[in-house]
Amino acid sequence: QQPVQSPQAVILREGEDAVINCSSSKALYSVHWYRQKHGEAPVFLMILLKGGEQKGHDKISASFNEKKQQSSLYLTASQLSYSGTYFCGINPELSAGGTSYGKLTFGQGTILTVHP
Amino acid sequence: KAGVTQTPRYLIKTRGQQVTLSCSPISGHRSVSWYQQTPGQGLQFLFEYFSETQRNKGNFPGRFSGRQFSNSRSEMNVSTLELGDSALYLCASRVAGGYSPLHFGNGTRLTVT
């Protein structure tokens, strides 16, 4: 099943913060976050693994709540360059012997617009 | 390092025709995945190849097929094109082994008329 992202769209002024959530109905092993600007390829932001630590670089960080089967992406002090569509991609937890490393199921995306 | 290269960037085909898309992964990346992106369905997984073997397949009809060569380059083929096949086809490569990030190419925009 496709993970559900919320909100679907968000509009910010430069310097404001935002949180994007990604919820799954399945137990998760990993969650990837990507940003795609119009007409460009999705760009990897970060990956979170079950049992791993919260990740982050610069002013973008993410968390992974295994019990809730949910990940959240935090964008603080947003910049114009943060505008784009954010996707979460999930790998479900598999039984022993399964492999699905390159097979991600993506959410529908969250459109983030940052205005000056 | 050069990124993932996809050719061609744009294609216009007619219903019933077939098409082949090409993907050159980042040097050293042995896994290649293909995704279809449409406004209605979003990003959907097509298949993944590693060491010239298909490791995973998405829920697409048999008209969609692919292969990987010994140099890790990959091709994707769609036969008997339908209007609904119009989409952006994205190739992504990654370092094999474990949960590593996908590195996407700029895609091939296929339009079926």
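Structure's up top.
Residues numbered from 1 in each chain as written. Chains lettered and ligands numbered in written order. Predicted model: local features only at pLDDT ≥ 70, side-chain atom pairs only at ≥ 80, totals over all residues. Heavy atoms only, no water.

1. Observations regarding the overall build of chain A
Item 1. On a plain count of helices and strands, chain A comes out with 0 helices and 11 strands.
Item 2. Mapped from its N terminus to its C terminus, chain A presents α and β elements in the order β-β-β-β-β-β-β-β-β-β-β.
Item 3. Counting only carbon and sulfur atoms, one obtains 50% of the accessible surface of chain A, whose full area is about 5800 Å². (Helix = DSSP H or I, 4+ residues; strand = E, 2+ residues; numbered from the N terminus. Areas by Shrake-Rupley, 256 points an atom, 1.4 Å probe, with all protein chains shown as cover.)

2. Description of the pattern of salt bridges
Residue and element names in this part refer to chain B.
Item 1. This structure, assessed with the given rule, holds 5 salt bridges over all chains.
Item 2. A salt bridge links R63 to E82; its shortest N-O distance comes to 3.6 Å. Within this pair, whereas R63 is found in the loop between β6 (53-57) and β7 (64-68), its partner E82 is found in the loop between β8 (74-78) and β9 (87-94), the two being separated by 19 residues in sequence.
Item 3. R63 sits in the buried class, given a relative accessible area of 15%.
Item 4. Here E82 falls in the partly exposed class, since its relative accessible area comes to 43%.
Item 5. Salt-bridge contacts for R63 lead to D85; the nearest nitrogen and oxygen are separated by 2.8 Å. (Salt bridge = Lys/Arg side-chain N within 4 Å of Asp/Glu carboxyl O. Buried < 20%, exposed > 50% of the residue type's maximum accessible area, 1.4 Å probe, protein only.)

3. Observations concerning the sheet that holds β7 of chain B
Residues and elements named next belong to chain B.
Item 1. Ordered by their spatial adjacency, 4 strands build an open sheet running β1-β3-β8-β7, and the pairing between neighbours is antiparallel. The open sheet has two edge strands with one neighbour each: β1 (5-7) and β7. Pairwise comparison of adjacent strand axes, ignoring direction, gives a mean angle of 20 degrees for this sheet.
Item 2. Taken together, the 5 bridges between strand β3 (residues 19-24) and β8 define a ladder with antiparallel strand orientation. Counterpart to T20 in the pairing with β8 is N77. (Pairing = 2+ DSSP bridges. Axes fitted to C-alpha atoms, helices over the stretch in contact; angles between N-to-C directions.)

4. Structural notes on the interface of chain B and chain A
Item 1. Taken together, the contact between chain B and chain A spans 21 residues of the former and 21 residues of the latter.
Item 2. In this assembly, chain B packs against chain A so that about 1800 Å² is buried in total across both faces, 61% of it on carbon and sulfur atoms.
Item 3. Its largest share of buried area at the contact with chain A, chain B owes to L43, Y99 and F104 of chain B, together 39% of the area lost on that side.
Item 4. Between the two partners, chain B and chain A, sit 0 salt bridges.
Item 5. Counting the contacts that link chain B with chain A gives 3 residue pairs in polar contact (both at pLDDT 80 or more).
Item 6. Going through the elements one at a time, β4 (31-38), β5 (42-50), β6 and β9 of chain B are the ones with two or more residues in the side of chain B that touches chain A.
Item 7. Of the residues assigned to the side of chain B that touches chain A, the class counts are 9 nonpolar, 8 polar and 4 charged. (Contact = heavy atoms within 4.5 Å. Buried area = accessible area lost by both parts, 1.4 Å probe. Polar contact = N/O pair within 3.5 Å; in protein donor to acceptor, adjacent residues only side chain to side chain. Nonpolar A, V, L, I, M, F, W, Y, C, P; charged D, E, K, R; others polar.)

5. With respect to the packing of aromatic side chains
Item 1. Tallied over the full model, the rule gives 10 aromatic pairs over all chains.
Item 2. For the ring pair Y34 of chain A and F104 of chain B, a centre distance of 5.6 Å and an interplane angle of 85 degrees mean the geometry is edge-to-face. With Y34 of chain A in strand β4 (residues 28-36) and F104 of chain B in strand β10 (residues 103-104), the pair connects residues from two separate chains. (Phe/Tyr/Trp six-rings, centres within 6.5 Å; stacked < 30°, edge-to-face > 60°.)

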